[in-house]
Amino acid sequence: MIDQTDLGGSFTFSDTSMTINRMGYGAMQLAGPGVWGPPRDPDAAVAVLREAVNAGVNHIDTSDFYGPHVTNQIIRQALHPYPEELVIVTKVGARRPEDKSWVPALSRQELTDAVHDNLRNLGVDALDVVNLRLMGDGIGPSESSLAEPLASLIELKKQGAIRHIGLSNVTPTQLAEAQTLTEIVCVQNMYNVAHREDDDFIDSLAAQGIAYVPFFPLGGFTPLQSSALDAAASSLGATPMQVALAWLLQRSPNILLIPGTSSVEHLRENLHAATLQLPAHTLTELNAIATGSKRDAH
Ligand SMILES: NC(=O)c1ccc[n+]([C@@H]2O[C@H](COP(=O)([O-])OP(=O)(O)OC[C@H]3O[C@@H](n4cnc5c(N)ncnc54)[C@H](OP(=O)(O)O)[C@@H]3O)[C@@H](O)[C@H]2O)c1
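Criteria and cut-off values
Residues numbered from 1 in each chain as written. Predicted model: local features only at pLDDT ≥ 70, side-chain atom pairs only at ≥ 80, totals over all residues. Heavy atoms only, no water. Near = heavy atom within 4 Å. Polar contact = N/O pair within 3.5 Å; in protein donor to acceptor, adjacent residues only side chain to side chain. Areas by Shrake-Rupley, 256 points an atom, 1.4 Å probe, with all protein chains shown as cover. Nonpolar A, V, L, I, M, F, W, Y, C, P; charged D, E, K, R; others polar. Pairing = 2+ DSSP bridges. Helix = DSSP H or I, 4+ residues; strand = E, 2+ residues; numbered from the N terminus. Contact = heavy atoms within 4.5 Å. Axes fitted to C-alpha atoms, helices over the stretch in contact; angles between N-to-C directions. Phe/Tyr/Trp six-rings, centres within 6.5 Å; stacked < 30°, edge-to-face > 60°. Lys NZ or Arg CZ within 6 Å of the ring centre and 35° of its normal. Parallel < 35°, antiparallel > 145°, perpendicular 65-115°, else oblique. Left-handed = near helix turned anticlockwise from the far one by under 90°.

Asks: Quick question: what am I supposed to make of the site of the ligand here?
Replies: Near the ligand, the surroundings consist of 25 residues, among which Asp61, Leu218, Thr261, Ser262 and His266 are the closest. Between the ligand and Gly219, the relevant distance is 3.2 Å, taken from an oxygen atom to a main-chain nitrogen or oxygen of the residue. Between Gly260 and the ligand, the recorded distance is 2.8 Å, taken from a backbone N or O atom to an oxygen atom. Burial of the ligand by the protein chains amounts to 87% of its free accessible area of 900 Å². Here the residues of the shell around the ligand sort into ten nonpolar, eleven polar and four charged.

In C-alpha cells:
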C-alpha cells in the first residue's frame, strides 16, 4: 500500500452526487494480450486493482468487451463488495467476435445485452456510468446521428439499470445532439500530449462542467515517445509517463485520468504523477509536441 492522498484533486460530475479523485485507473490492460482472454498473471491483475483502491483511486474505467467479460470478472473478484465511494464507468457499443476484432454492437438488443452482461459480471444492481461508445471511422469519431442507440440507453436508465450516461469517441455535434435527449456526464475520447484534436472540445466541456476522460493518455498501444517528455522528466526527477500524466492534469480541471497498466510498479508511478507540478516553461515545451499546435500552456 502506498501513502498518497493527493490524487489530482477531486471532480464532481455535474448534477450528480458522484465525486471522484481526478487520478483514476483504466482496467483494459488487465485482460490477456490483445485485450483477449485471461491475463498472463491473474494474481498480479487482482493486486493492481487492490493497490489502486488502497491508494485512494475511486474511479475505474472498464468494459465487458475487454476480455470479453474477463476484466469485469477480475474487478469483481478483486474488489467486490465495492467501497461505497468507488465509481465504475463502463462502456457499450462494441463486441468481440472470435477473430478478436472490435465490431459495432449498437442495436437495441445488443446494447441491452451489453448492459446486462456488465451488471452480471461486475455484480451490481445498477451501473454508475455507461458510456455509449461509437465506432466512428475506425480511427476517430465521425459524424452520424447517435439518437437511436442513445434511446436504448435512456430506456435502460429509466429501468434503473444505469445511473448516468456518457459518450465515447464522439464529436461536439454528436454531444449536442445527445444533450437534446438526455444528460451527459462525461466524454471519453482519445487525447494526450501528442494528440490534441480535442483541445477546443475540452474547453467547451469544461465550461459546461462535463468531465473529459482521455483514453490512451500514455499513447495506448503505441506508448508516447518524445525528446521533450524525456527532457522534462530528467529535469524534474520524474519519468516521461509521469510528465505526460501531469501535463493532462494541468491541461484542464475537467480532465479525469484513467491510465492503464497491468503492473503494480507502473500503477504506483502513475499515481505519483498527480503530485508533480510542471513549471510554465516545461508546459510550453510540452505544448510544442503536438504537430502544428500553437496553443499556450494551460
Ligand atoms: N473509450 C475507448 O474507446 C477506449 C479505448 C481504449 C482505452 N480505453 C480506456 O482507457 C484506459 C487507458 O488506455 P490504455 O490502457 O489503452 O492506454 P494508456 O493508458 O495510454 O497506456 C497503457 C500502456 O502503457 C503502459 N504503461 C502504463 N503505465 C506505464 C508506466 N508508468 N511506464 C511505462 N509504461 C506504462 C502499459 O503497459 P503495462 O501494462 O506494462 O504497464 C500499457 O501498454 C484503458 O485502460 C481503458 O479503460 C477506452
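Let us keep going from here.
Asks: Explanation requested: the sheet that holds strand E9 (residues 162-168) in the structure shown.
Replies: Backbone-to-backbone hydrogen bonds join strands into a sheet, with any given pair of strands oriented parallel or antiparallel. If you trace the seven strands from one edge of the open sheet to the other, you get E3-E4-E5-E8-E9-E10-E11, paired in parallel fashion. In the strand order of this sheet, the two ends are held by strand E3 (25-26) and strand E11 (211-212), each with one partner. Across four bridges, strand E5 (residues 87-92) lies against strand E8 (residues 127-133) in parallel orientation. Of the residues in E8, the one forming a bridge with Thr90 is Val130. Against the sheet, helix H3 (residues 108-122) makes contact with E5, E8 and E9, and its axis sits at roughly 150° relative to E5, the strand it touches most.

Asks: It is not clear to me how the packing of aromatic side chains should be interpreted in this structure. Could you clarify?
Replies: Aromatic ring pairs are reported here in terms of the distance separating the ring centres and the angle at which the planes meet. On inspection of all chains with the given rule, the structure shows eight aromatic pairs. With 5.6 Å between their ring centres and 85° between their planes, Phe65 and Tyr66 make a pair best called edge-to-face. Following the ring pairs from residue to residue traces out a cluster consisting of Phe65, Tyr66 and Trp102. Looking at Arg96, its charged tip hangs above the ring of Trp102, at a distance of 3.6 Å from the centre.

Asks: Looking at this model, I keep getting lost on the environment of Met135. Mind explaining?
Replies: Positionally, Met135 belongs in the loop between E8 and helix H4 (147-158). Placed 34 residues apart in sequence, Met135 and Asn169 show a C-alpha to C-alpha distance of 7.0 Å.

Asks: Please explain the packing of helix H1 (residues 42-54) against helix H9 (residues 264-272) as it appears in this structure.
Replies: H9 packs onto H1 with a crossing angle of 25° between their chain directions and a minimal axis gap of 9 Å. In terms of axis orientation, H1 runs roughly parallel to H9. Here H1 and H9 pass one another in a crossing that is right-handed. Each of Ala47, Val48, Glu51 and Ala52 in H1 lies in contact with H9, whose residues at this interface are Val264, Leu267 and Arg268. By residue class, the composition of the contact of H1 with H9 is five nonpolar, no polar and two charged.

Asks: Teacher, can you tell me more about the side chain of Thr90 here?
Replies: Looking at where Thr90 falls in the secondary structure, it is placed in strand E5. There is a polar contact of 2.7 Å between the side chain of Thr90 and the side chain of Asn118. The contact partners of Thr90, leaving out residues within four places of it in the chain, are Thr62, Ser63, Asp64, Asn118, Leu127, Val129, Val130 and Asn131.

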